[in-house]
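# Results of the structural survey
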Amino acid sequence: MPSSVPADRLATAAVSAGLSDRVITWLFVAPTIVLLLAINIFPLFWTIYLSFTNFRANQPGRAVEWVGLDNYRSLFDSDAVWSYLQNTAHFVVWSITLQVLIGFGLALLLHRQFRGHATLTTLILLPMMLSPALVGLFWRYLFDPQAGIFNYVVNYFGGFGTFSMLSSTQLAPWAIILVDTWMWAPYVMLLCLAGLRSVPPYLYEAAEVDRASRLQQFWHITLPMVMPLLMVAVLFRAIECFKVFDMVIELTSGGPGETTELASLSLKRAAFEKWRTGYASAFAILLFVVVFGASNLYVKYLNRVKSR
Amino acid sequence: MDRAAAEVATVPAGHSTARNPTESSPAVKWLAGIVVAIYAVITLIPVAWIAMTSFKDVTEAVAYPPVVFFEPTLEGYVNLFTTRTRATPEYMESLPPPATWYDRIVRSRNMVIAGPSPFAGRFLNSVIIGFGSTFLAVFLGTLAAYAFSRFRVPLKDDLMFFILSTRMMPPIAVAIPIFLMYRQLGLADTHLGLILLYTAINVSFAVWLLKGFIDEIPREYEEAAMIDGYTRLQAFVKVVLPQAATGIAATAIFCLITAWNEYAFALLLTTRTAQTAPPFIPNVIGEGGLDWAAVSAGTMLFLLPVMIFTLLLRKHLLRGITFGAVRK
């Protein structure tokens, strides 16, 4: 903090010296807004436009025709798209369920504040910071039918002999759920832990006085207090699971068959392998609408949590 | 106090849980500790296994049953950084004895080093693009966050929501036009292209997180400085920025990790010149398929910086993953 005050400057200080606050505001905010408009909003409108055309990005010379709602129609008529959406729903619902159960459970245990809980918290959080693509890649190795340690351990203890996570159409969908849960249960745990810490102790003391059982305390105090943060975690995870791409494409590439072909994977194929740009744009808009709705809720909850 | 309590790691004893009935008996604590420790061990096995695999030789890496005890070798790392060709026994005979330890490892497989692999370049690309985009995102984010924190910005809430919503957008929804746009502008497969893109991905996050940090700095500091004759800009640079240094550093690490880990756009928009490590590592091919020892070596080298950063960040993780909403 400057201690010497130049007397001649004192008079004008805070009023005029330098740029006005208004100018600074625009100077400071504009670059960010411009960048986001250029790299997010402008492309979004372009996607909307493309979704009404038959444009193919690998044939730039071809005449582009306006096809109205045709792309959307073929999207909704397609059985394949419907099954990709079902795959996605299965993945989202089960991943989140497992993450909430494990995350909340771990948070309850960590909240006991045993010795070393801080170190363990940090260790447990590690997976969620890693690159999802490389996580998918090294889990593919762990699940490898010939050399994978995971299959070996299950076979050894289960005595199956032929157990192989990624080659089975029944098990592969669970493989991606397992890996996502491995990565992201700590995220739910961290938010639940924050929720548990926010419960004022006097609530429990009052409950003790009223002779509420442990279960009642959990049901009527702990759960409602943790709920807002748990909802934030669930919403955020739902949005992220719905968008997931990196991890799954490296882990299963959608196989075996199309059992783990999620919406985001098939969108990428339509856009950059089959080059059905118009159709893929319509698909992208469909996904965007779903995620945008969920994001709206997420922000509402964030603000509510913040104002507490 | 507020800052200290935000630390996930160190909740001051007797803070919120002091007289909490869940303050349980030593036996229960022990039990909880053991269960959590078991979870931690299980959850870290995959990472440990990859670390081990990176020190196996090429055949041990794909042996069945999997090998737990083995003599560590750097073959995976050597294979990661080199390309090799198989040589005839006669040719091997005619060579002078191996000059270096890595020559020796490669020759033991009846191969000779043909040259360096692209891995070092891809890793360097990750560093350049990661740091470049982080610097830009934090720079822009700090300016915007300061304005949002201190001034009356018209439609402030709408703008803040708009900024956050861009982060929620599925990348693939805008990937097609960005692909077309970059092709048109010559930004495809350039460092600048990815830097701009990752800046856009991170700037929304940076604004939200930094606004929280700057909100915590009392306005009185700047006001005092301005009464002392500083202009608004000088007060921002000389008073606010040093106060926000911790927050800026934490934000920067988060942005760096996001850019470092990004894969989808790197896969779609880069092929050689500006390709980062994540799309490259899964394609380290040996003889007859993926060279898992080399892939593990690449994975370890790539994950290690993130692990270190996570340790540095642990006090701010909660804040980071909630876009600054949860501080406590």
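Residues numbered from 1 in each chain as written. Chains lettered and ligands numbered in written order. Predicted model: local features only at pLDDT ≥ 70, side-chain atom pairs only at ≥ 80, totals over all residues.

## As for the overall build of chain A
Using the following cut-off: Helix and strand assignments follow DSSP, with helices taken as H or I runs no shorter than four residues and strands as E runs no shorter than two, numbered in order from the N terminus. It is over C-alpha atoms that the radius of gyration is taken, and the globule rule equals 2.2 Å times the number of residues to the power 0.38. Partly exposed residues are those whose C-beta has more than 12 but fewer than 20 other C-beta atoms within 10 Å; with 20 or more the residue is buried, with 12 or fewer it is exposed, and the C-beta atoms are placed from the backbone. In this description, a residue-residue contact is defined by the distance between C-beta atoms placed from the backbone, which must lie within 7 Å.
From N to C terminus, chain A includes 13 helices and zero strands. Counting from the amino terminus, helix and strand elements in chain A follow one another as α-α-α-α-α-α-α-α-α-α-α-α-α. Radius of gyration (C-alpha) of chain A: 26 Å, far over the 19 Å computed for a compact globule of 308 residues. Taken along its principal axes, the extent of the C-alpha atoms in chain A is 75 × 65 × 40 Å. Within chain A, buried positions represent 44% of all 308 residues. Long-range pairs, those at least 24 residues apart, make up 72% of the contacts in chain A with a sequence separation of at least 6.

## Some thoughts on the confidence of the model for chain B
Residue and element names in this part refer to chain B. The test is simple: One number per residue, pLDDT, summarises how confident the predictor is, and it ranges from 0 to 100.
Counting all residues, the mean pLDDT for chain B is 87, and 93% of those residues have values of 70 or more. Within chain B, helix H1 (residues 2–6) has the poorest average pLDDT of any element, 41, and helix H7 (residues 119–150) the best, 95. Segment residues 1–19: pLDDT under 50, and 32 contacts once partners within four positions in sequence are set aside and those in other chains are kept. In the predicted complex, the global pTM is 0.87; the interface-specific ipTM is 0.86.

## So, unusual backbone geometry
Residue and element names in this part refer to chain A. Residue Gly255 is joined to Pro256 through a cis peptide bond whose omega torsion reads -5 degrees. In this structure, Pro256 sits in the loop between helix H11 (246–251) and helix H12 (263–272). In the Ramachandran plot, Gln113 falls in the positive-phi region, its phi being about 60 degrees despite a non-glycine side chain. Position of Gln113 among the secondary structure elements: in the loop between helix H4 (79–110) and helix H5 (117–125). Residue classification places Gln113 among the partly exposed residues on the basis of 17 C-beta atoms within 10 Å.

## Some remarks on the nonpolar core
All names here are of chain A. So the rule is basically this: In plain words, the nonpolar core is the set of buried Ala, Val, Leu, Ile, Met, Phe, Trp, Tyr and Cys residues that C-beta atoms within 7 Å link up.
Counting 184 residues, the largest nonpolar core has Leu190, Cys192 and Ala284 as the members making the most contacts within it. Looking at this core element by element, the count peaks at 17 residues for helix H8 (residues 172–197). If we skip the residues at most four places from it in the chain, Cys192 touches Gly103, Phe104, Ala107, Val226, Leu229 and Leu230.

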